Amino acid sequence: ETGVTQSPTHLIKTRGQQVTLRCSSQSGHNTVSWYQQALGQGPQFIFQYYREEENGRGNFPPRFSGLQFPNYSSELNVNALELDDSALYLCASSLVGHLYGYTFGSGTRLTVV
Amino acid sequence: DQQVKQNSPSLSVQEGRISILNCDYTNSMFDYFLWYKKYPAEGPTFLISISSIKDKNEDGRFTVFLNKSAKHLSLHIVPSQPGDSAVYFCAAILPTQGGSEKLVFGKGTKLTVNP
């Protein structure tokens, strides 16, 4: 059973640029959620995807968008990067209805300069 | 507005002693709580959970207590081991408008267990 894998592990972007982060969900999981963890904070919910559609969103602006693919993998896209977007981005997969069965990836550390 | 609060950023204990990590919440809608452990360069891993219909749940060295009237949870680790050194997050499940559910996390408590 494979876990959740995220790529890349680290990246540096310039303010105003766009970035795409990728996540492969755990085998057997059909739901993917994305969280942002800023320094010294707990993870904050960005959005969740199920059946290739967004079915829940946190308090993040529209420049944060995502996709889920038929194999349940997912992408997080952030446009017009701002310095405050610097954070650890965590992907978590689960089986619908089993939220306590979340499996998190190791995250992507994004630095915006 | 922090709905889940972990007011102690750090805690240091001696190996073999008890570690007690605290968590307070403000939203009465929360009915399921989880504790996650996070090592550096790794994602959070699920540790233990508790439903609001219970006041205690045990799993080996880990016990979570829930006091609904006080809106307070605590995680007890007995005995503490150096390998328990990590950041511990308290989280609650909250429904979203889209029909899904999300985790609402506290800021975490960094536990250091000294040999």
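Shown above is the structure to which this text applies.
Quick caveat: nothing in here was measured; it's all calculated off a predicted structure.

Rules of the game
Residues numbered from 1 in each chain as written. Chains lettered and ligands numbered in written order. Predicted model: local features only at pLDDT ≥ 70, side-chain atom pairs only at ≥ 80, totals over all residues. Heavy atoms only, no water. Phe/Tyr/Trp six-rings, centres within 6.5 Å; stacked < 30°, edge-to-face > 60°. Helix = DSSP H or I, 4+ residues; strand = E, 2+ residues; numbered from the N terminus. Buried < 20%, exposed > 50% of the residue type's maximum accessible area, 1.4 Å probe, protein only. Polar contact = N/O pair within 3.5 Å; in protein donor to acceptor, adjacent residues only side chain to side chain. Contact = heavy atoms within 4.5 Å. Salt bridge = Lys/Arg side-chain N within 4 Å of Asp/Glu carboxyl O. Core = buried A, V, L, I, M, F, W, Y, C linked by side-chain atoms within 4.5 Å. Pairing = 2+ DSSP bridges. Axes fitted to C-alpha atoms, helices over the stretch in contact; angles between N-to-C directions. 1 Å grid on protein atoms, 1.4 Å probe; cavity = no way out; pocket = protein on both sides within 12 Å on 5 of 7 lines; lining within 4 Å. Points joined across faces, edges and corners; volume = space filled by probe spheres on them. Nonpolar A, V, L, I, M, F, W, Y, C, P; charged D, E, K, R; others polar.

Chemist: Can you help me understand the packing of aromatic side chains in this one?
Modeler: We describe a pair of aromatic rings using the distance from one ring centre to the other and the angle between the two ring planes. For the structure shown, the criterion picks out 15 aromatic pairs over all chains. With centroids separated by 5.8 Å and ring planes inclined at 90 degrees, the aromatic side chains of Tyr35(A) and Phe105(B) adopt a geometry described as edge-to-face. With Tyr35(A) in strand S4 (residues 31–37) and Phe105(B) in strand S10 (residues 101–105), the pair connects residues from two separate chains. The two residues Tyr35(A) and Phe105(B) agree in class, both being buried. Ring geometry for Tyr36(B) against Phe105(B): centres 5.8 Å apart, planes inclined by 50 degrees, an arrangement best described as tilted. With Tyr36(B) in strand S4 (residues 32–38) and Phe105(B) in strand S10, this residue pair connects regions lying 69 residues apart in the sequence. Under the relative-accessibility criterion, Tyr36(B) is labelled buried at 0%.

Chemist: Looking at this structure, how should I read the side chain of Ser93(A)?
Modeler: All names here are of chain A. You can see serine 93 is positioned in strand S9 (residues 87–94). In this structure serine 93 comes out as buried when scored by relative accessible area, which is 0%. A distance of 3.1 Å separates the side chain of serine 93 from the backbone nitrogen of glutamine 26, its partner in a polar contact. Within the structure, the side chain of serine 93 is placed 2.7 Å from the side chain of histidine 29, a separation counted as a polar contact. If we skip the residues at most four places from it in the chain, serine 93 touches Val4, Ser25, Gln26, His29, Thr31, Val32, Gly101, Tyr102 and Thr103.

Chemist: Looking at this structure, how should I read the pattern of salt bridges?
Modeler: If charged atoms from side chains of opposite charge come close, those side chains can pair. Residues and elements named next belong to chain A. This model, assessed by the stated rule, comprises six salt bridges over all chains. A salt bridge links glutamate 75 to arginine 22; the nearest nitrogen and oxygen atoms lie 3.5 Å apart. You can see glutamate 75 sitting in strand S8 (residues 74–78) and its partner arginine 22 sitting in strand S3 (residues 19–24), a full 53 residues away along the chain. Judged by relative accessible area, glutamate 75 falls into the buried class, the value being 15%. Residue classification places arginine 22 among the partly exposed positions, given a relative accessible area of 42%. As a salt-bridge pair, glutamate 54 and arginine 57 come within 3.0 Å of each other at their nearest N and O atoms. The exposure class assigned to arginine 57 is partly exposed, which follows from its relative accessible area of 29%. Connected via shared salt-bridge partners are Arg63, Glu82 and Asp85.

Chemist: I tried to follow the nonpolar core on my own but got confused; where do I start?
Modeler: Soluble globular proteins tend to bury their nonpolar side chains together. One finds Phe30(B), Phe33(B), Trp35(B), Leu73(B), Leu75(B) and Tyr88(B) to be the most contacted residues of the largest nonpolar core, which totals 25 residues. Of all elements in the fold, only strand S3 (19–25), S4, strand S5 (45–51), strand S7 (62–67), strand S8 (72–77), strand S9 (86–95) and strand S11 (109–114) of chain B reach the threshold of two or more residues within this core. Grouped together as the second largest cluster of nonpolar side chains are 20 residues, Cys23(A), Val32(A), Phe64(A) and Val78(A) included.

Chemist: Could you clarify how one ought to interpret the environment of His76(B) in this entry?
Modeler: Residue and element names in this part refer to chain B. Within the secondary structure layout, histidine 76 lies in strand S8. When its relative accessible area of 19% is taken as the criterion, histidine 76 is described as buried. Distance in space between the C-alpha atoms of histidine 76 and threonine 109 is 13 Å, their sequence separation being 33 residues.

Chemist: Before we go on, may I ask you to explain the sheet that holds strand S7 (residues 64–68) of chain A in this structure?
Modeler: Whenever strands of a sheet pair, they do so through backbone hydrogen bonds, lying parallel or antiparallel. All names here are of chain A. With antiparallel pairing, the four strands of this open sheet are ordered in space as S1-S3-S8-S7. Here the strands that pair on one side only, and so sit at the sheet edges, are strand S1 (5–7) and S7. Strand after strand, the sheet turns through a mean of 20 degrees between neighbouring axes, direction not considered. The pairing of S3 with S8 spans five bridges and is antiparallel. Directly across from arginine 22, in S8, lies its bridge partner glutamate 75.

Chemist: Even after reading the chapter, I still don't get the layout of surface pockets, so can you show me in this structure?
Modeler: Left-over empty space is what a probe sized like a water molecule reveals as it rolls over the atoms. As a volume, the largest pocket reaches approximately 530 Å³. Gln37(A), Leu88(A), Arg109(A), Lys38(B) and Pro40(B) are the residues nearest the centre of the largest pocket, which is lined by 26 residues in total. At the level of elements, S9 and S11 of chain B are the ones that each hand at least two residues to the lining of the largest pocket. Residues belonging to the lining of the largest pocket are distributed by class as follows: eleven nonpolar, ten polar and five charged.

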